[in-house]
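Chain and residue survey
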Amino acid sequence: MPNLSKNKNAKCAFIAMSIFTGTMLTAYIVLALIYGPCPNSEYMDKFEVERYKGVWYELQRDKDIAFETGTCVTAKYGTDGDYVSVDNTQYFPETDTFDKLNGYAAASAWFMGRINVYFFVAFGADYRVLATDYDNCAIVYSCTSVGPFSYPEFSWFLGRKPLVEGSADWNNLVDIVEPEYKRVLPFYDKKERMKTTG
């Protein structure tokens, strides 16, 4: 005589797995339609890591970066064996304190200007230098896709020296950078999304 309870359990397990798989597939499709993968961004034809090293001052950044809330933000890139050392600093005027974060970076062998930055996790954060003249300014973009989903995207406008918004030097640099933003990040609304932090 067949074991009916065994067949019933197998049937229930099959139905439960089918419902679970259907739910996950539906969620996957919905999230992919809502968020989609990270948009394609322009890469530099040639990126020179050695020329990019040194101190960069953050002039503007995305308003939604939760891990960066201070002012006077700097990033210093140096040499650390086969890697690039990364030393980030931000200042909090309310408490008159500095926050420092050290890590390292490895340049991509496949994409010019694309770098993985490692701080305290095993996987690298996406960091794309989309445009720079190495001596004055740089446009940096970050977006991480997991399957068809994109996580928040961020952008930074960096300069080789701290500048006051509205000064002649600031206005000259912005005149150079604005058309570059439109060229390398046509989908990114810089005016809406970025704030001055220098």
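Here, the structure is the one placed above.
Treat the numbers as computed from the prediction; the structure is a model and nothing was measured.

1. Remarks on the overall build of the protein chain
Of regular secondary structure, the protein chain possesses four helices and 11 strands. Here the protein chain holds 198 residues, and the buried ones make up 37% of them. By sequence separation, contacts in the protein chain at least 24 residues apart represent 51% of the contacts at least 6 residues apart. As presented, the protein chain carries roughly 12500 Å² of accessible surface, and 60% of it is formed by carbon and sulfur atoms.

2. Brief notes about the nonpolar core
One finds Tyr52, Tyr77, Tyr127, Val129 and Leu158 to be the most contacted residues of the largest nonpolar core, which totals 20 residues. The greatest single-element share of this core, amounting to three residues, is contributed by strand S10 (residues 154–159). Residues in contact with Leu158, not counting those within four places in the same chain, are Tyr52, Trp56, Tyr57, Glu58, Leu59, Tyr127, Asn136, Cys137, Ala138 and Val140. Within the second largest apolar cluster, 19 residues are counted, among which are Leu59, Ala131, Leu163 and Met194.

3. Some thoughts on the environment of Asp133
Structurally, the position occupied by Asp133 is in the loop between strand S6 (125–132) and strand S7 (137–142). Of the residues examined, Asp133 reaches a relative accessible area of 30% and is grouped as partly exposed. Separated by 2.8 Å, the side chain of Asp133 and the backbone nitrogen of Asn136 make a polar contact.

4. Regarding helix H3 (residues 168–184)
Taking 1.5 Å per residue, 17 residues should reach 24 Å; H3 reaches 25 Å between its end C-alpha atoms and fits that length. Roughly 25 degrees is the biggest bend found in H3, and it falls at Asp175, with proline Pro179 one to four residues downstream. Buried residues in H3 make contact with strand S1 (54–62), S6, S7, S10, helix H4 (190–193) and strand S11 (194–196).

5. A short note on the pattern of salt bridges
Inspection of the entire model under this criterion finds 11 salt bridges. With its nearest N and O atoms 3.6 Å apart, the salt bridge here joins Arg51 to Glu48. According to the relative accessible area criterion, Arg51 is partly exposed, its value standing at 39%. We note a salt bridge from Arg193 to Asp62, for which the minimum N-O separation is 3.0 Å. Of this pair, Arg193 sits in helix H4 while Asp62 sits in strand S1; the two residues are 131 residues apart in sequence, bridging distant segments of the chain. The structure contains a network of salt bridges with shared partners spanning Glu48, Arg51 and Asp135.

Reading guide: rules and limits
- Each chain carries its own residue numbering, running from 1 in the written order of its sequence.
- Local features are withheld for residues below a pLDDT of 70 in this predicted model, meaning they are given only at 70 or higher, and side-chain atom pairs are given and counted only at 80 or more; totals for whole chains, interfaces and linings count all residues.
- Where side-chain values are given, they derive from all heavy atoms of the structure, hydrogens and water being excluded.
- The numbering of helices and of strands both runs from the N terminus, where a helix is a DSSP run of H or I of at least 4 residues and a strand a run of E of at least 2.
- Only protein chains enter the area calculation, which uses a 1.4 Å probe; residues under 20% of their type maximum are buried, those over 50% are exposed, and those in between are partly exposed.
- Contact between two residues is taken to exist if any of their heavy atoms lie within 4.5 Å; hydrogens are not considered.
- Note that accessible areas follow from Shrake-Rupley with a 1.4 Å probe, and for residues the cover is restricted to the protein chains shown.
- Only buried residues count toward a nonpolar core, which is a set of Ala, Val, Leu, Ile, Met, Phe, Trp, Tyr and Cys residues joined through side-chain atoms within 4.5 Å.
- Side-chain atoms alone can form a polar contact between residues adjacent in sequence; in general such a contact is a pair of N or O atoms within 3.5 Å, and within protein one must be able to donate a hydrogen while the other accepts it.
- What a helix is expected to span follows from its residue count: subtract one and scale by 1.5 Å.
- Here the bend at each residue means the angle between axes fitted to two seven-residue stretches, the one ending at that residue and the one beginning there.
- Every case where a carboxyl oxygen of Asp or Glu lies within 4 Å of a side-chain nitrogen of Lys or Arg is listed as a salt bridge.

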